[in-house]
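Examination of the molecular architecture
What follows is each chain in one-letter form.
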Amino acid sequence: MSSPTKIHFPSFELQISGELYSPAQGSPDRKGAAVVVSHPMTGIKEQTSADYARALSKAGFYALTFDAGYQGESTGQPRGLEDPHQRVEDNKAAVTYLTTLKGKVDPERIGVLGICASGGYTSYAAQSDARIKALATVSAACVGRMTRNGGLQEGKAENAEAIAGALQAAGQWRNANPTPPGAQAPPMFETDLSKVPENADSFFKDAAQYYGTKRGHHERSDQRVPLSSYDLMVSYDSFNFQHLISPRPLLMIAGSTAQTHHYSRTAIAAAKDPKELFTVEGKNHFDLYDDLTETGPKLVDFFGKSLTA
C-alpha cells in the first residue's frame, strides 16, 4: 500500500496537519467515497486513526486523518488544549477539504468516523452538518459528561463538586499561565505501566497498555492536557441532539467490557433511524483502537452501503 499524502487545511484560525490515504490499487470502485477519521483525546493521527484509514483505503475509500488543533503537527497554543468547539470545527473543515478534491472525491459521498472523544465530536458535527452523509463511531465518549460527572464510568451523574473542582483548576491554570504557551501541561493519565497504581481505575490501566507500549506509543502523543481545557468542556455535550443526524445512517461500535459502552448505548437510544449499536464481545475501550478484526469489516460494509449504494 502506498504512503499517505501530507496535506494541510484551515480550521478557524489554525492550520490543521493531515494525511490523505488514496484507494489501494485493485480495490473496489467506491465512486469517489471518502471518510474523515478523527482521533481520540490525547491521541494523534498516526495511531488508531491511521489503522482505520489503512483499512478503509484498502477497501477502496479515500480516508483523511488529521491532528486536532493545538495537537500533533497542527498549529495552536497552548499545546494539547482540548477545545470541543475547535475539535468539531476541525471535522467540518476536514469535510470541506475533501470537497476540494475535484475528480477524486464525490462531495455527496463523504462520511466521518470518530474514535473515543471524537466519537462525541463527530456526532456533534454530524448533527449540524448535512454534508456528512454517514457517521460511524468507535468507543465513543463525551468529554463534557466526563467533566461534569467527575469521571466516565457508567452510573456517575452530574456532580456539583466535580464541576466546581474542574472550574477551580481551570481558573487557577489560566491565572498562572496568562499568555500561551505557558507552563508544560500535566499528563492526563500515567502511561508508564510500572507507575500505574494497583488500585487505579481499569480504564487508566487499559489506557497505559495502549499508549505506554508499542501498540500506541508515539512521541507526539504525550497525554498532556492544559487544565484550561476543563472549563471549555464542562458545558459541552456530544449527544444532546443525536436525533438530528437522521435520516442519515448512524453506526456506533463499542466493546462489551468497555467502561464507555454506556455512551454509545444512550446515544443510540437518543438517535432516530437508521441507526445501529454494534457491540464487540469481550473487548474493552482501547482494544478496538488496534484490533480491527470485527470493526474493520463492519465499517467497510457500513460505509459501502451508506456512501456508494
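All values derive from a computational prediction rather than experimental measurement.

Take the overall build of the protein chain next. Helix and strand content of the protein chain: 10 helices and eight strands. The C-alpha atoms of the protein chain give 18 Å as radius of gyration, which agrees with the globular expectation for 309 residues (19 Å, within 12%). Across the 309 residues in the protein chain, those meeting the buried criterion constitute 57%. In the protein chain, 75% of the contacts between residues at least 6 apart in sequence involve partners at least 24 apart. Element-wise, carbon and sulfur atoms account for 51% of the exposed surface of the protein chain, whose accessible area totals about 12,900 Å². Charged side chains in the protein chain number 31 positive and 34 negative. The centres of these two groups are separated by 5 Å.

All right, on to the UniProt feature "domain: Dienelactone hydrolase" (unreviewed entry) in the protein chain then. The residues that UniProt annotates with the feature "domain: Dienelactone hydrolase" (unreviewed entry) are residues 26–136. The distance from the first to the last C-alpha atom of residues 26–136 is 25 Å, and the span holds 37% helix and 17% strand.

Another point: the sheet that holds strand E3 (residues 34–38). The mixed open sheet is built from eight strands, whose spatial order is E1-E2-E4-E3-E5-E6-E7-E8. In the strand order of this sheet, the two ends are held by strand E1 (5–11) and strand E8 (275–280), each with one partner. Averaged over all pairs of adjacent strands, the angle between strand axes in this sheet comes to 20 degrees, irrespective of strand direction. In this sheet, strand E6 (residues 134–138) lies alongside strand E5 (residues 110–115) in parallel orientation, the contact comprising five bridges. Pairing of Ile 115 across the sheet is with Val 138, part of E6. The sheet contacts of helix H2 (residues 84–99) involve E1, strand E2 (14–21), E3, strand E4 (62–66) and E5, and relative to E1 the element is tilted by about 120 degrees.

The subject of this paragraph is helix H5 (residues 160–176). Here H5 spans 24 Å end to end across 17 residues, near enough to the 24 Å set by a 1.5 Å rise per residue. Those residues of H5 that sit buried are Ala 162, Ile 163, Ala 166, Ala 170 and Trp 173. Mapping the buried residues of H5 onto a view down its axis gives an arc of 100 degrees, with all of them on the same face. Of the residues in H5, the exposed ones pointing more than 90 degrees away from the buried face are Ala 160, Glu 161, Gln 168, Asn 175 and Ala 176. In the core, the buried residues of H5 are packed alongside helix H4 (143–149) and helix H7 (229–233).

Rules used throughout
- Residues numbered from 1 in each chain as written.
- Predicted model: local features only at pLDDT ≥ 70, side-chain atom pairs only at ≥ 80, totals over all residues.
- Heavy atoms only, no water.
- Helix = DSSP H or I, 4+ residues; strand = E, 2+ residues; numbered from the N terminus.
- Rg over C-alpha atoms; globule rule 2.2 N^0.38 Å.
- Buried < 20%, exposed > 50% of the residue type's maximum accessible area, 1.4 Å probe, protein only.
- Contact = heavy atoms within 4.5 Å.
- Areas by Shrake-Rupley, 256 points an atom, 1.4 Å probe, with all protein chains shown as cover.
- Lys, Arg positive; Asp, Glu negative; His and termini not counted.
- Charge placed at Lys NZ, Arg CZ, Asp CG, Glu CD.
- UniProt positions renumbered as here; feature names shortened; annotations may be inferred.
- Pairing = 2+ DSSP bridges.
- Axes fitted to C-alpha atoms, helices over the stretch in contact; angles between N-to-C directions.
- Expected span 1.5 Å × (residues − 1).
- Arc of directions from axis to C-beta.

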